[in-house]
Amino acid sequence: MESVKVLITNMQKLVKIPTGTRLLIRRCCHAVLTMEKFPMPAEVSVSFLDNEQIRQLNAEYREKDSATDVLSFPLGENGQYDINGDTGARMLGDIAISVERAVEQAEQYGHSFQREIGFLTVHSMLHLLGYDHEAGGLEAVRMREKEEIVLQKLGLSRDASYTFEEE
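Numbers given for residues are sequential positions, taken from 1 along each chain in its written order. Selection of residues for local features in this predicted model requires a pLDDT of at least 70, selection of side-chain atom pairs for listing and counting requires 80 or more, and totals for whole chains, interfaces and linings are taken over all residues. Hydrogens and waters are ignored; side-chain quantities use all the structure's heavy atoms.

Asks: What is the right way to look at the side chain of Asn58 in this model?
Replies: Under the DSSP-based scheme used, a helix requires at least four consecutive residues in state H or I and a strand at least two consecutive residues in state E, with every element numbered from the N terminus. Positionally, Asn58 belongs in helix 2 (residues 51-62). Any residue under 20% of the maximum accessible area for its type is buried, any over 50% is exposed, and the rest in between are partly exposed; the area is computed with a 1.4 Å probe on protein chains only. Residue Asn58 is classed as buried on the basis of its relative accessible area of 2%. The contact rule is simple, with two residues in contact once any of their heavy atoms fall within 4.5 Å. Discounting chain neighbours no more than four positions away, the residues touching Asn58 are Glu63, Lys64, Ser66, Thr68 and Leu71.

In structure tokens form, the structure reads like this:
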């Protein structure tokens, strides 16, 4: 697999981003592209938002006036992507993560913040590569299986005992 450039921007102020989170996101992006045998250099943009910011995006782009955990904005279609003229990398798209919601969901599901951020990143990366679970059925099952494969490889499986303690 070629290289992946992950541009990460923190646009929220409610949650302190734990040390190692940016590296985890880069590892998740790389792991998905490796699993999918993505053959070219790639670029992905990831933004950390709060619930209100992601609610606004969800309302504007999906006509759903509610906060959500993550949104994916693919730039490609059917395996065709725009190319960064300077680097030659395929521009896969944008990922918007509500860090506020990730904290809530980690607590709700009883796992670490890293597991939640890892899941949201892997989930979104698969969307950027064309996977969809909205209709349910076999496609949703395939996507869920791929998510778990990547998370296991990264040591973030559902039953991992790894927990994060903020200093």
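Asks: I tried to follow the state of the cysteines on my own but got confused; where do I start?
Replies: Two cysteines, two sulfur atoms, one covalent bond between them: this is a disulfide. Two cysteine sulfur atoms form a disulfide, by the criterion used here, when they sit within 2.5 Å. A complete count under the given rule lists zero disulfides for this structure. Unpaired in this structure, Cys28 has its nearest cysteine sulfur neighbour in Cys29, at a distance of 6.9 Å. Take Cys28: its relative accessible area is 0%, and that puts it in the buried class.

Asks: I keep staring at the environment of Ile25 and nothing clicks. Help me out?
Replies: Of note, Ile25 is situated in helix 1 (residues 21-35). We classify Ile25 as buried; its relative accessible area is 0%. Taking the C-alpha atoms as reference, Ile25 lies 21 Å from Tyr81; in sequence the two are 56 residues apart. Each residue touching Ile25, except ones within four places of it in the same chain, is listed here: Val6, Ile8, Val46, Phe48, Ile117 and Thr121.

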